[in-house]
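# Coordinates in review
The primary structure of each chain is shown beneath.
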Amino acid sequence: MIKNMGTLDRGGRLAIALALAILALGTGTLSGALFYIALAVAVVFTVTAFVGNCPLYQIIGLKTCKDC
C-alpha cells in the first residue's frame, strides 16, 4: 500500500482514537450502539494511522503527505 497520510493527519487520528476509546471505555457515558460505534471508529483510526494509508483518501484521490 502506498502511504497517503501525512504526519499531522496520522497524529490527529491517533488523538481522536484515544479520546473515543477513553470516552467509551473509561467514562462509561456511552452505551448501546454509540459504545460500539465509538470503539469501531477508534480501531479504524488507529489502524489507518499506523499503516499510513486511508482507503477513503485513496477513493477520492486525497493525499496529506508531502513526499508520497
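Rules of the game
Residues numbered from 1 in each chain as written. Predicted model: local features only at pLDDT ≥ 70, side-chain atom pairs only at ≥ 80, totals over all residues. Heavy atoms only, no water. Patch = residues over 30% accessible without salt bridge, like charges linked within 9 Å, V, L, I, M, F, W, Y side chains within 5 Å. Areas by Shrake-Rupley, 256 points an atom, 1.4 Å probe, with all protein chains shown as cover. Salt bridge = Lys/Arg side-chain N within 4 Å of Asp/Glu carboxyl O. Helix = DSSP H or I, 4+ residues; strand = E, 2+ residues; numbered from the N terminus. Buried < 20%, exposed > 50% of the residue type's maximum accessible area, 1.4 Å probe, protein only. Phe/Tyr/Trp six-rings, centres within 6.5 Å; stacked < 30°, edge-to-face > 60°. Lys NZ or Arg CZ within 6 Å of the ring centre and 35° of its normal. Contact = heavy atoms within 4.5 Å. Disulfide = S-S within 2.5 Å. Expected span 1.5 Å × (residues − 1).

Side chains of Met-1, Val-43, Val-47 and Val-51 sit close together on the surface and give an oily, nonpolar patch of about 420 Å² of accessible area. Along the chain, Val-47 falls in helix α2 (residues 33–51). Overall, Val-47 belongs to the partly exposed group, its relative accessible area being 47%.

Here we take up the packing of aromatic side chains. Summed over all chains, the structure comprises 1 aromatic pair. Stacked on the ring of Phe-45, the Lys or Arg Arg-13 has its end atom at 5.0 Å from the ring centre. Cation over ring: Arg-13 sits above Tyr-57, and NZ or CZ is 5.2 Å from the ring centre.

Right, let's get into the pattern of salt bridges. Pairs can form between side chains of opposite charge once their charged atoms are near each other. Enumeration according to the criterion identifies 1 salt bridge in this entry. One salt bridge in this structure joins Asp-9 and Arg-13, with 3.5 Å as the shortest N-O distance. Placement of the pair is Asp-9 and Arg-13 together in helix α1 (residues 7–27), with a separation of 4 residues, close to one helical turn.

Relative accessible area serves as the criterion here: at 9%, Arg-13 is assigned to the buried category. For Arg-13, the contacting residues outside a window of four places in its chain are Met-5, Phe-45, Thr-48, Ala-49, Cys-54 and Tyr-57.

Another point: the state of the cysteines. Under the criterion given, the structure shown has 0 disulfides. Among the cysteines around Cys-54, which has no disulfide bond, Cys-65 carries the closest sulfur, lying 12 Å off.

With that settled, the discussion passes to α2. For α2, which comprises 19 residues, the first-to-last C-alpha distance of 27 Å matches the rise-based estimate of 27 Å (1.5 Å per residue) to within 8%. For α2, the set of buried residues is Phe-35, Ala-38, Ala-42, Thr-48 and Ala-49. Looking one or two places after α2, you find Gly-52, whose phi comes out positive at around 85°.

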